[in-house]
Every structure is written in C-alpha cells, then in structure tokens.
Amino acid sequence: LLDRIRADFNAANPGIVIEIGRYPGNGVVVKIDQEREAKAVDGADAGITSEIPWTEERAKGGLLRTPSGPSSRAWPAKFMIGGVAPVLALEPFLLAYNTNLVKTPITGYRDLLRPEFKGKVNTTEPVSSTVVAWYDWLEKTQGGDFMAKFAANSPLILGGGTVQNAQSVVAGETLVTAFSIMTVVTPLLAQGAPIKAVQPNPALGTRALGVIPTTARRPNAALVFMDYMTSPRGQTIWAGKGEAASALPGIPGALDAAGISFIDLTVYTPDVVKAYIGKWKQQFTGR
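Given the structure is predicted, the values throughout are model-derived calculations rather than measurements.

1. A short note on the environment of T124
So, step 1. Within the secondary structure, T124 sits in strand β5 (residues 121–124).
So, step 2. Residue class for T124 comes out buried when judged on its relative accessible area of 4%.
So, step 3. Placed 41 residues apart in sequence, T124 and N165 show a C-alpha to C-alpha distance of 7.6 Å.
So, step 4. Among all residues touching T124, those that are not within four sequence positions of it are V131, Y135, L158, N165, F179 and W280.
So, step 5. Within the structure, T124 has its side chain in polar contact with the side chain of N165 (distance 2.8 Å).

Below you can see the structure in the form of structure tokens.
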C-alpha cells in the first residue's frame, strides 16, 4: 500500500519526493511528539495514524496544521477529526477462511460456533486495547451467549497478530481466523493462496487519519500530499483494491463503509484493559 501511494503521488507531483518511515502501534505519534519536544532540525512533514485521542488533543493545542487544498476543503465534515485530520481510510476487522477446506461459506461471527470448527478457528490474544475493544464489541453485538460458546469451541489462540492468523489459515493449520484485515489478505490472494475474506455486518473497524504537524519543515509539500490523499485519485490508490472503505462515495473497488462502527479507545483505560484481559483469560484458557 505504501509503495502504491509513493509511486502514484510521485507520478502526480513531479518534484516532490516522499520518504516513508513505518512505525508499529503508536510509534508515529510518539515520533512526532519527540521531534517537537527535541526541536529537531528536521522530522515528519505528515503522518498517518489511528490514534484519535492523540489527534484530538494535539488539534485542540494548535499543534496540527489544517489541510487547505481543494480536495481537503471538500472532505466530508464527519470524517475530519478535530477539524484538521481527515479520515483517509476505514479499515474493518474481517473473518477469513480457507476456501479449499471450508465448503459452506462463512458470513458472520456466529458461524465460528459451528461444530465442524471446534479447535479449527484461530483468534488473537488480547494484547492491546484495540483487541480488547474488539472482544468487548463481540460480546455486545453477537448475543449474550456468544463468548461462552466461542470459548467452548476451543479456538487456537495466536499471539502474532493478523499476519500469523492468516498464515495459519492458508497452511490449513486452522480453517478460519476470527480476526483479520484486508491489507493482510490481499497479498496472499495475489499469490494464489486459498483464502477468502468476509466483511461481517455489523463490523468493527479502525480509522486511519492524516495529520500535518505544525513543525513540518516542508508545509507546502505536506499540504499537497494531504490534498492528494483526500482526492478521488488518492482514495482509489488506497481503497480501490478492496483493502479499505473510503469516506468518499463512489470509489471503485472500495469496501462498504455502511455497517462499520469504530473503536472509541478513550473508554479502554489501562485499568479497564487489565480487568478485561483477566476475565478473557479465565474464560478462554481457564487461568
């Protein structure tokens, strides 16, 4: 995805060259804060992050620049966080299954309870607030009996995130993963792997935000980049391969934005996360 964005942006804007740094988790916003506090000579001109509380706080503090290009100005207001950060992609959590080994298609989370999937579903250990929020959302949307029945169906608990989950399905170690994203599944499909992703309805998802720190040394280039990302062209590059939904209607190939709800991580304080993990471990591992 990043390679596609870089190549197409450079083609559309000769003379502006993107250098991309990729950081896991909240690493993007941590680096932006560190560069500001250290008064770094140079640093990020723009960032892409899912850290909404951070974005809202920095926007209130006047530490993020407002995008001002024509596409940015036309961006839907409900997808502009703090008035300064456009939601560039909506990425739902998905189910995925092995198409060679699963003969009856899967359509939603309740299918994980099917008897033939006992011991043959993989899921993710709740090692972060995002995964805790997903499990909590499952409890609230799939019926009061879902979590107990899911645990009783003996899912394989994996700790390697969505990549390991999908690889387990492709290898036939498990038949279904309860927790995946399309950006992991798409490269496997391109390699001919026997895997199919399913967007449940409803689905829970995350939002990728674009931010421009006021410390940007090349603010005009950053504004051009953000305007590209909010344009139909930029949105097609991001979402057009079915890896995300777009805030813009009519993007060909994009996932369906309807039915996706989003995590409010402000609810999941460290104490809430710790308590939930304890409950989850008791239910799923007996410890």
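2. Digging into the side chain of N153
So, step 1. Secondary-structure assignment places N153 in the loop between α6 (146–152) and β6 (156–158).
So, step 2. At 3.2 Å, the side chain of N153 forms a polar contact with the backbone oxygen of R114.
So, step 3. When neighbours within four sequence positions are excluded, N153 is seen to be in contact with L112, L113, R114, F117, K118 and G119.

3. Focus on the nonpolar core
Nonpolar side chains in soluble globular proteins generally cluster together in the buried interior.
So, step 1. If you look at the biggest cluster of nonpolar residues, it comprises 86 residues, and the most contacted ones within it are Y109, L112, W134 and V176.
So, step 2. It is helix α5 (residues 129–141) that provides the largest number of residues to this core, a total of seven residues.
So, step 3. When sequence neighbours within four positions are dropped, the list of residues in contact with W134 reads F93, Y109, T123, A178, F179 and L204.

Calculation criteria
- Residues numbered from 1 in each chain as written.
- Predicted model: local features only at pLDDT ≥ 70, side-chain atom pairs only at ≥ 80, totals over all residues.
- Heavy atoms only, no water.
- Helix = DSSP H or I, 4+ residues; strand = E, 2+ residues; numbered from the N terminus.
- Buried < 20%, exposed > 50% of the residue type's maximum accessible area, 1.4 Å probe, protein only.
- Contact = heavy atoms within 4.5 Å.
- Polar contact = N/O pair within 3.5 Å; in protein donor to acceptor, adjacent residues only side chain to side chain.
- Core = buried A, V, L, I, M, F, W, Y, C linked by side-chain atoms within 4.5 Å.

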